[in-house]
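Structural features, examined
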Amino acid sequence: SGSKDGKVTILEQDDLLSIYASHGKVFALTSQGEYILKQRLYEVEEKLNQNQFVRISNSEIIHLKKVRHFDLNFTGTICVELIDGTKTYVSRRYVSKIKKILGV
């Protein structure tokens, strides 16, 4: 569950685009907006479907089914565009893991 505007909402895994940590808080990004989560990022990661979600940095996990495309043109990193137009980047530490998942 996540909170937004003082209301708590049950979040379904299929609705999640990404989960990320910023300024000491953990956020879930959905097509309906951002929700604040009470759990830490690693706690959320343990509950997610490992076949659909992948960590792309120490502070972010993305839903693979919600990725529009991966841009491999950047040197040493990968740009990820989600279906809502949000762009994020795979940190160098996770590039080889993502390339293995993508089969490149």
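The sections below set out a description of the structure shown in this document.

The next thing to look at is unusual backbone geometry. The phi torsion at aspartate 5 lies on the positive side, around 55°, for a residue other than glycine. The topology assignment puts aspartate 5 in the loop between strand 1 (2-4) and strand 2 (7-9).

So, on to the layout of surface pockets. As a volume, the largest pocket reaches approximately 220 Å³. What lines the largest pocket is Ser1, Leu11, Glu12, Gln13, Leu16, Leu37, Gln39, Val44, Lys47 and Leu48. In terms of residue class, the lining of the largest pocket is built from five nonpolar, three polar and two charged.

The biggest cluster of nonpolar side chains holds 15 residues, and the ones touching the most others in it are Ile56, Ile62, Val80, Leu82, Val90 and Ile98. Not counting residues within four places of it along the chain, the set of residues in contact with isoleucine 98 comprises Val54, Arg55, Ile56, Phe70, Ile78 and Val90. Membership of the second largest hydrophobic core comes to 10 residues, among which are Val26, Leu37, Leu41 and Phe53.

The next subject is the sheet that holds strand 10 (residues 87-90). Pairing between sheet strands relies on hydrogen bonds along the backbone, with the strands arranged either parallel or antiparallel. In spatial order, the strands read 8-9-10; together these three strands make up an open sheet with antiparallel pairing. Single-partner strands in this sheet number two, and they are strand 8 (67-71) and strand 10. The average angle at which neighbouring strand axes cross in this sheet is 25°, direction not considered. In the packing of helix 2 (residues 92-102) onto the sheet, contacts are made with strand 8, strand 9 (78-82) and strand 10, and the angle to strand 10 comes to roughly 100°.

Counting through the fold element by element, leucine 16 comes out in strand 3 (residues 16-22). Using a relative accessible area of 7% as the deciding quantity, one classes leucine 16 as buried. The spacing of leucine 16 and glutamate 34 is 18 residues in sequence and 9.7 Å in space, taken between C-alpha atoms. Once you skip the residues sitting within four places of it in the chain, leucine 16 turns out to touch Leu11, Ala28, Leu29, Thr30, Leu48, Phe53, His63 and Lys66.

On to the environment of isoleucine 62. Along the polypeptide, isoleucine 62 turns up in strand 7 (residues 60-63). Take isoleucine 62: its relative accessible area is 0%, and that puts it in the buried class. Sequence-wise, isoleucine 62 and valine 90 are 28 residues apart; in three dimensions their C-alpha atoms are separated by 10.0 Å.

What follows concerns the pairing of strand 4 (residues 25-30). Summarising burial for strand 4: five of the six residues are buried, a large majority. Taken together, the six bridges between strand 3 and strand 4 define a ladder with antiparallel strand orientation. Across the sheet, residue serine 18 finds its bridge partner in strand 4, namely leucine 29. Here five bridges tie strand 4 to strand 5 (residues 33-37), and the two strands are oriented antiparallel to one another. From the neighbouring strand, valine 26 faces strand 5, where its bridge partner is leucine 37. Counting the residues between successive antiparallel strands, the hairpin from strand 4 to strand 5 contains two residues.

Cut-offs applied
- Residues numbered from 1 in each chain as written.
- Predicted model: local features only at pLDDT ≥ 70, side-chain atom pairs only at ≥ 80, totals over all residues.
- Heavy atoms only, no water.
- Helix = DSSP H or I, 4+ residues; strand = E, 2+ residues; numbered from the N terminus.
- 1 Å grid on protein atoms, 1.4 Å probe; cavity = no way out; pocket = protein on both sides within 12 Å on 5 of 7 lines; lining within 4 Å.
- Points joined across faces, edges and corners; volume = space filled by probe spheres on them.
- Nonpolar A, V, L, I, M, F, W, Y, C, P; charged D, E, K, R; others polar.
- Core = buried A, V, L, I, M, F, W, Y, C linked by side-chain atoms within 4.5 Å.
- Buried < 20%, exposed > 50% of the residue type's maximum accessible area, 1.4 Å probe, protein only.
- Contact = heavy atoms within 4.5 Å.
- Pairing = 2+ DSSP bridges.
- Axes fitted to C-alpha atoms, helices over the stretch in contact; angles between N-to-C directions.

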